[in-house]
Amino acid sequence: MAKIKPLNDYVLVKPIKDEPKTASGIITAPTSKEKPGKGEVLAVGEGKVSPEGKLIPIENVKVGDVVYFTKYSPEELEVDGEKLLLIRADSILAKAE
């Protein structure tokens, strides 16, 4: 895979699709309610520059984290035939622990 380094306050994420299954393995029909996106962090940008010119680093996510993000925030790109997402750090809602 080509090396990609996000700029500024962007995070590079590989999307993870959740299968609509119950705990017992039964596949359920998708609902009309939109859910946040989910993915694994592949790379993190340096951070955002404040109006005073000071760099504010991204500290809440790191490579390998599984994160949840707003559905309409990512910019899609294809690298070596694989779909990846560029997401602003402030569009990340939560991370799995």
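Residues numbered from 1 in each chain as written. Predicted model: local features only at pLDDT ≥ 70, side-chain atom pairs only at ≥ 80, totals over all residues. Heavy atoms only, no water.

Draft legend 1. View of the overall build of the protein. Along its length, the protein carries 0 helices and 8 strands. Counting from the amino terminus, the protein carries its helices and strands in the arrangement β-β-β-β-β-β-β-β. The 97 residues of the protein split such that 29% are buried. Here the analysis covers contacts within the protein between residues at least 6 apart in sequence; of these, 66% occur between residues at least 24 apart. Surface accessibility of the protein: about 7000 Å² in total, with carbon and sulfur atoms responsible for 53%. (Helix = DSSP H or I, 4+ residues; strand = E, 2+ residues; numbered from the N terminus. Buried < 20%, exposed > 50% of the residue type's maximum accessible area, 1.4 Å probe, protein only. Contact = heavy atoms within 4.5 Å. Areas by Shrake-Rupley, 256 points an atom, 1.4 Å probe, with all protein chains shown as cover.)

Draft legend 2. Inspection of the environment of Val44 at higher detail. Counting through the fold element by element, Val44 comes out in strand S2 (residues 37–44). Residue Val44 is classed as buried on the basis of its relative accessible area of 14%. C-alpha of Val44 to C-alpha of Pro6: the two residues are 38 residues apart in sequence and 6.1 Å apart in space.

Draft legend 3. The side chain of Ser91, seen in detail. Structurally, Ser91 is set in the loop between strand S7 (82–88) and strand S8 (92–95). If sequence neighbours within four positions are ignored, Ser91 has contacts with Phe69, Thr70 and Ser73.

Draft legend 4. Local environment of the sheet that holds strand S5 (residues 66–69). Read across the open sheet, the 6 strands follow the order S6-S7-S1-S2-S5-S8; overall the sheet is antiparallel. Strand pairing shows two members of the sheet lacking a second neighbour, strand S6 (75–79) and S8, which therefore form its edges. Mean inter-strand twist for the sheet, computed between neighbouring axes without regard to direction, equals 45°. In this structure, strand S1 (residues 10–15) lies alongside S7, joined through 4 bridges in antiparallel fashion. What sits directly across from Val11, in S7, is Ile87. (Pairing = 2+ DSSP bridges. Axes fitted to C-alpha atoms, helices over the stretch in contact; angles between N-to-C directions.)

Draft legend 5. The nonpolar core, seen in detail. With 12 residues, the main nonpolar core is built from Val11, Val13, Val41, Val44, Ile58, Val61, Val67, Phe69, Leu85, Ile87, Ala89 and Ile92. Among the secondary structure elements, those contributing two or more residues to this core are S1, S2, S5 and S7. (Core = buried A, V, L, I, M, F, W, Y, C linked by side-chain atoms within 4.5 Å.)

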